[in-house]
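Next come the chains, spelled out residue by residue.
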Amino acid sequence: MPPTPPPGTAFSSGPHGRSLVATQDFTPGSLIATFSSPTLALPDGPSMRTTCNYCLRVGSNEGFSPVSLKACTGCKAAVYCGPTCQRAHWKSIHKAECKMFARVRETTGKDWLPTPARALAQVLLTNDKGIRDPFDGSDPLESNLEGFKADEQVWGDFELQAMAAMTYSGVFMNEDGLRVAMRFLCQIQTNAFNRLDADTGMSGIFLDPALARVNHSCVPNAFIGFDKRTATLRAERPIKEGEEITISYIANDKPRSIRREGLRLYYFECDCPRCVDDLDVYQVAQTSPVISLNSFSLQPDLTKFREPAIDKSGISMNQIEIIYKVVYDQTKSEQDTSIEAARTRWKLCKPLVEAKMWAVEPLPTTILLLATNWQTNYKWAVYALPLACFLATQCDPIKLVAPFMPWRIKGVMIITKLLAFTGELTSSGELAKRCTHEGIVGALAMADQVTMCQALLHIVVHQGSIGAAEDWDVLKEAKMMLKDLESLPGRVDESKMVQAWARDPEDPQAKAFFESEVLKPVNTLASFAPEILEDVLVQGQGSVVRR
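Notes on the structure in this doc start here. Since we're looking at a predicted model, the values are computed, not measured.

Per the secondary structure count, the protein chain includes 22 helices and 12 strands. Scaling as 2.2 N^0.38, a compact globule of 547 residues should have a C-alpha radius of gyration of about 24 Å, and the protein chain matches this with 25 Å. On the principal axes, the C-alpha backbone points of the protein chain span a range of 75 × 50 × 50 Å. Relative to its full complement of 547 residues, the protein chain shows a buried share of 51%. Accessible surface, the protein chain: about 24,600 Å² in total, of which carbon and sulfur atoms supply 52%. Distance from the positive charge centre (58 side chains) to the negative charge centre (64 side chains) of the protein chain: 5 Å.

In structure tokens form, the structure reads like this:
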């Protein structure tokens, strides 16, 4: 059966090929569609022992929602969070692939296959070991077959993956069968979405033929969120009836040449305004139609979006691209959290620092990786707080203007948790012993950190309810933390003021309270970030001095 468009949308075709268009208006944050019956949904190869192979929840003994995993008693390869998922997966595919993993172990000594090979094997196995088109033969998914064929290295890798899938799944291999299997693999590569989320450990691929109709733009009007086996498509900007719905297939805050490289295997060149005019993140943010939504956020000063205090006179987009490439050539990995890598990045990013273009990559990632490193370090966790405040006020709002975007919500939640940590240190008198920066100590000593946490949790709950699923772990945790805070004794007046602000952030009295008790200390802490970064990354890690 061919895929059907979700309610409120229609399939269409145009200059970008097949597409999904709106048949009604969608407001920012509104749910466009939910996709809960994917053709393929599986963890990546190395993660299949740490992720439920059916619902795709990541196993953990810690955190807000612990998940215990148990292996299939047959193959010992696939794991599940409970018998319900195990039975569902057995019925849908694992009954067929269980023996396959025994063959994999006998041949390779491993209990997993590379993600593309396993995905293709599932396609072959669910077709009764025959070579039929599982992606709707009457209207097949785009395969970019000729483009892949022209890339000798990619095509050779695909051939190896296809042969592995056919061998281990038990499909009879001949020249015609291999050719068709490789077309399936091309369709998977072109249309499947990467579920990677480094914060949660979520990984793998998700393929739904209807969702695959959504085309790319580096200035998208929609975004995808994943929760277990479900994908949700939400409006990031206002979408009018008849307008094409677009998402970004890649990290769209990187320089143009890097974005083009990220899109290389889709075999098209993006013609969005960001690419055609080579706009930086500040220029894109200036024209965003959702700036006003930030009145309920950690960056309610809308002039920061419309008139950013940056100086681009000494740096060009070409220089920014060179900086980005050199940074990742020299540090070898975008996720290298070592202090040595941070120092290298900081030195190379100096032109961006001098221009105060804090939201331009690779500068935000340089700060983020250091903050991430420090958050889990007992000695340095206090210093992660100013960096987190800086990211949430100076970087993230420019990169993602809509305040309900999950990445921005997680940034606010990180500040909340760090404040809970520093609050305990402040009340116990340990903060001054742990932190040599007098500015941080003084700002936290004068702040009502409980009120700050309460207000930040209201932001998380409000924006998370717009931009994420109700059972998103971040949102559930925020609601529970907020309930606990608002039940603390002796805080009736403060709690009422925060709640009044949450109900009406434009009320003059409530707004003044929020600016004084929340924004002022957050901005003060954020103001220390540049000097801390300079001290640590230029002077040396032991030189965070008293200021």
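Now that the structure has been shown, the text picks up again.
The next subject is the sheet that holds strand β7 (residues 193-194). Strand order in the open sheet formed by 3 strands is β4-β8-β7, and the pairing between neighbours is antiparallel. The sheet terminates laterally at β4 (40-42) and β7, the two strands that pair on one side only. Taken strand by strand, helix α2 (residues 115-125) contacts β4 and β8 (205-207), and its axis lies near 135 degrees from that of β4. Packing of helix α5 (residues 175-191) onto the sheet brings it into contact with β4, β7 and β8, and relative to β8 it is tilted by some 105 degrees.

Our focus in this paragraph is the sheet that holds strand β3 (residues 31-35). Reading across the sheet, the 3 strands line up as β3-β11-β10 and stay open at both edges, with antiparallel pairing between neighbours. Both edges of this open sheet fall to β3 and β10 (222-227), since each of them pairs with a single strand only. Going from strand to strand, the sheet's axes swing by 20 degrees on average, the running direction of each strand aside. Here β10 pairs with strand β11 (residues 230-235) via 6 bridges, running antiparallel. Residue D227 lies in a different strand from β11, and its bridge partner there is T230.

Ranked by internal contacts, the top residues of the largest apolar core, which has 96 residues, are L298, L352, W358, W374, L387, I415 and I440. At 12 residues, the largest contribution of residues to this core is made by helix α14 (residues 381-399). Sequence-distant contacts of L387, defined by excluding residues within four places in its chain, comprise I367, L370, A371, W374, A529, I532 and L533. Residues A117, L124, M166 and I205 belong to the second largest nonpolar core, which totals 45 residues.

Interaxial distance between helix α1 (residues 83-108) and helix α4 (residues 152-169) falls to 8 Å at its minimum, and their mutual angle equals 115 degrees. What the angle tells us is that α1 and α4 run roughly perpendicular. Contacts between α1 and α4 pair M100, R103, V104, T107 and T108 from the former with T167, Y168 and S169 from the latter. The residue makeup of the contact of α1 with α4, split by class, is 3 nonpolar, 4 polar and 1 charged.

Let's shift gears to the packing of aromatic side chains. One pass over the structure, following the stated rule, counts 17 aromatic pairs. Centroid distance Y249 to Y266: 4.8 Å. Interplanar angle 45 degrees. Geometry classified as tilted. With Y249 in the loop between β12 (246-247) and α6 (256-262) and Y266 in the loop between α6 and α7 (273-276), this pair connects stretches of sequence that are 17 residues apart. Taking relative accessible area as the criterion, Y249 reaches 23% and is therefore assigned partly exposed. For the pair Y249 and F268, a centre-to-centre distance of 6.4 Å together with 80 degrees between the ring planes defines the contact as edge-to-face. Linking Y249 in the loop between β12 and α6 with F268 in the loop between α6 and α7, this pair joins segments that are 19 residues apart in sequence. Residue F268 is classed as partly exposed on the basis of its relative accessible area of 35%. Members of the aromatic cluster, each reached through a chain of ring pairs, are F193, Y249, Y266 and F268. Between R229 and the ring centre of Y54, over which it is positioned, the NZ or CZ distance is 4.3 Å.

Below, the discussion takes up the pattern of salt bridges. Scanning all chains against the criterion turns up 19 salt bridges. Its salt-bridge partner being D471, residue K228 comes within 3.7 Å of it at the nearest N-O pair. With K228 in the loop between β10 and β11 and D471 in the loop between α18 (449-467) and α19 (473-485), this pair connects stretches of sequence that are 243 residues apart. One salt bridge in this structure joins E269 and R260, with 3.7 Å as the shortest N-O distance. One connected set of salt bridges, linked through shared partners, spans D151, E261 and R264.

Time to look at helix α11 (residues 339-348). All of the buried residues in α11 are I339, A341, A342, R345 and W346. The buried residues of α11 occupy an angular sector of 155 degrees when projected down its axis, which confines them to one face. In α11, the exposed positions angled more than 90 degrees off the buried face are occupied by E340 and K347.

So, on to the side chain of E97. Inspection of the secondary structure assignment puts E97 in helix α1. Those residues in contact with E97, other than ones at most four positions away along the chain, are H89, R118, Q122 and L125.

Looking now at a nonpolar patch on the surface. On the surface, L160, M163 and M173 cluster together to form a nonpolar patch covering roughly 270 Å² of accessible area. A residue is classified by how much of its surface remains accessible, and M173, at 32% relative accessible area, is partly exposed.

Tallied over the full model, the rule gives 0 disulfides. The thiol of C52 is unpaired, and the distance to the nearest cysteine sulfur, on C55, comes to 3.6 Å. What makes C52 buried here is its relative accessible area of 0%. Residue C389 stays outside any disulfide, its sulfur separated by 11 Å from that of C453, the closest cysteine. For C389, a relative accessible area of 1% translates into the label buried.

In the segment running from E361 into P362, the intervening peptide bond is cis, with an omega of 15 degrees. When you line up the elements, P362 lands in the loop between α12 (350-354) and α13 (363-375). Backbone geometry places N144, a non-glycine residue, at a positive phi of 50 degrees. Here N144 lies in the loop between α2 and α3 (145-150). The buried category is assigned to N144, whose relative accessible area is 13%. One non-glycine residue, Y267, lies in the positive phi region at around 60 degrees.

What counts, and at which threshold
Residues numbered from 1 in each chain as written. Predicted model: local features only at pLDDT ≥ 70, side-chain atom pairs only at ≥ 80, totals over all residues. Heavy atoms only, no water. Helix = DSSP H or I, 4+ residues; strand = E, 2+ residues; numbered from the N terminus. Rg over C-alpha atoms; globule rule 2.2 N^0.38 Å. Buried < 20%, exposed > 50% of the residue type's maximum accessible area, 1.4 Å probe, protein only. Areas by Shrake-Rupley, 256 points an atom, 1.4 Å probe, with all protein chains shown as cover. Lys, Arg positive; Asp, Glu negative; His and termini not counted. Charge placed at Lys NZ, Arg CZ, Asp CG, Glu CD. Pairing = 2+ DSSP bridges. Contact = heavy atoms within 4.5 Å. Axes fitted to C-alpha atoms, helices over the stretch in contact; angles between N-to-C directions. Core = buried A, V, L, I, M, F, W, Y, C linked by side-chain atoms within 4.5 Å. Parallel < 35°, antiparallel > 145°, perpendicular 65-115°, else oblique. Nonpolar A, V, L, I, M, F, W, Y, C, P; charged D, E, K, R; others polar. Phe/Tyr/Trp six-rings, centres within 6.5 Å; stacked < 30°, edge-to-face > 60°. Lys NZ or Arg CZ within 6 Å of the ring centre and 35° of its normal. Salt bridge = Lys/Arg side-chain N within 4 Å of Asp/Glu carboxyl O. Arc of directions from axis to C-beta. Patch = residues over 30% accessible without salt bridge, like charges linked within 9 Å, V, L, I, M, F, W, Y side chains within 5 Å. Disulfide = S-S within 2.5 Å.

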